[in-house]
Amino acid sequence: MKNIAVLASGRGSNLEAILEAESRAEIAGRVILVISDRADAQALTRADKWNKRSMFLDPGAYSNRVEYDRKLISILKTAEIDLVVLAGYMRLLSPEFVKEYSYKIMNIHPSLLPAFPGTDGAGDALDYGVKISGCTVHFVDEGLDTGPIILQESVPVIQDETLETLKARINAVEHRLYPTAIDLFCRDKLKIEGRICNIVN
Ligand code: GRF
């Protein structure tokens, strides 16, 4: 059983999907800890509801990102975390953090990477006029949404699409894709070669 920590800044619908999948034994791991950089993150309430240990780690209490991330690392080490899952976590991770958890940090992004990285992947894709959008689960490296891709799924852009409708349909796919990727990791099915992530039997 792998120990999982989820970092989330906001609504936490992906966290909820992960916890639901765990409760159905669809993930060969367990969420040990949920950490947020926002005191009012709905993700924390969801964690409490599922009786998961949750924690608000206040960025204001640390002089910079490096110090904040060092504290994070020490918490994760103490909890013997094997996998760090970013679920709507809005802070950039320090290079030290990424190195410490090399290929052990996952993120989900609401576009088909490498197209439309950044904070508004779905909105940027819609503004560009793409006909196919989607979402990507990837390992986190030092770049912005650049790490090896684990899983992707497309979501068509329909007539009269709005950002709200597109985001909702992407979200629904994310809720299926993220637990699947996490389970693959937990069962040691992900092998990295260069920037390619292979799924092995
Ligand atoms: C998701 O759309 C994800 O792609 C992006 O942030 C959003 C998080 O949503 N990284 P939620 O907090 O899980 O509801």
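First things first, this report covers the structure right here in the doc. (Residues numbered from 1 in each chain as written. Predicted model: local features only at pLDDT ≥ 70, side-chain atom pairs only at ≥ 80, totals over all residues. Heavy atoms only, no water.)

Turning next to the pairing of strand 3 (residues 53-56). Bridge count between strand 2 (residues 29-36) and strand 3: four bridges; the pairing is parallel. By the bridge assignment for strand 3, Leu 33 is matched with Arg 53. Tracing the backbone out of strand 2, into helix 2 (residues 42-49) and back to the parallel element strand 3 gives a crossover that is right-handed. (Pairing = 2+ DSSP bridges. Helix = DSSP H or I, 4+ residues; strand = E, 2+ residues; numbered from the N terminus. Right-handed = clockwise from strand over helix to strand, strands pointing away.)

Restricting attention to buried positions, one finds in helix 2 the residues Ala 43, Leu 44, Arg 46 and Ala 47. In a view along the axis of helix 2, the buried residues occupy a sector of 160 degrees, so they form one face of it. Facing away from the buried side of helix 2 by over 90 degrees, the exposed positions are Thr 45 and Lys 49. At its buried positions, helix 2 is contacted by helix 1 (13-23), strand 2 and strand 3. (Buried < 20%, exposed > 50% of the residue type's maximum accessible area, 1.4 Å probe, protein only. Arc of directions from axis to C-beta. Contact = heavy atoms within 4.5 Å.)

Before going further, it helps to examine the pattern of salt bridges. As enumerated under the stated definition, the model contains 12 salt bridges in all. Residue Asp 188 is joined to Lys 2 by a salt bridge in which the shortest nitrogen-to-oxygen separation is 3.2 Å. Of this pair, Asp 188 sits in the loop between helix 6 (163-186) and strand 8 (190-193) while Lys 2 sits in strand 1 (residues 2-7), and the two are 186 residues apart along the sequence. With a closest N to O distance of 3.2 Å, Arg 38 and Asp 40 form a salt bridge. Residues joined in a network through salt bridges with shared partners are Glu 16, Arg 46 and Lys 49. (Salt bridge = Lys/Arg side-chain N within 4 Å of Asp/Glu carboxyl O.)

Glancing now at the packing of aromatic side chains. By the definition in use, this model includes five aromatic pairs. When the ring of Tyr 62 is compared with that of Tyr 68, the centres are 5.5 Å apart and the planes differ by 85 degrees; the resulting orientation is edge-to-face. With relative accessibility at 24%, the residue Tyr 62 sits in the partly exposed group. Judged by its relative accessible area of 1%, Tyr 68 falls in the buried class. (Phe/Tyr/Trp six-rings, centres within 6.5 Å; stacked < 30°, edge-to-face > 60°.)

Such coordinate-based values are descriptive only and should not be taken to indicate function.
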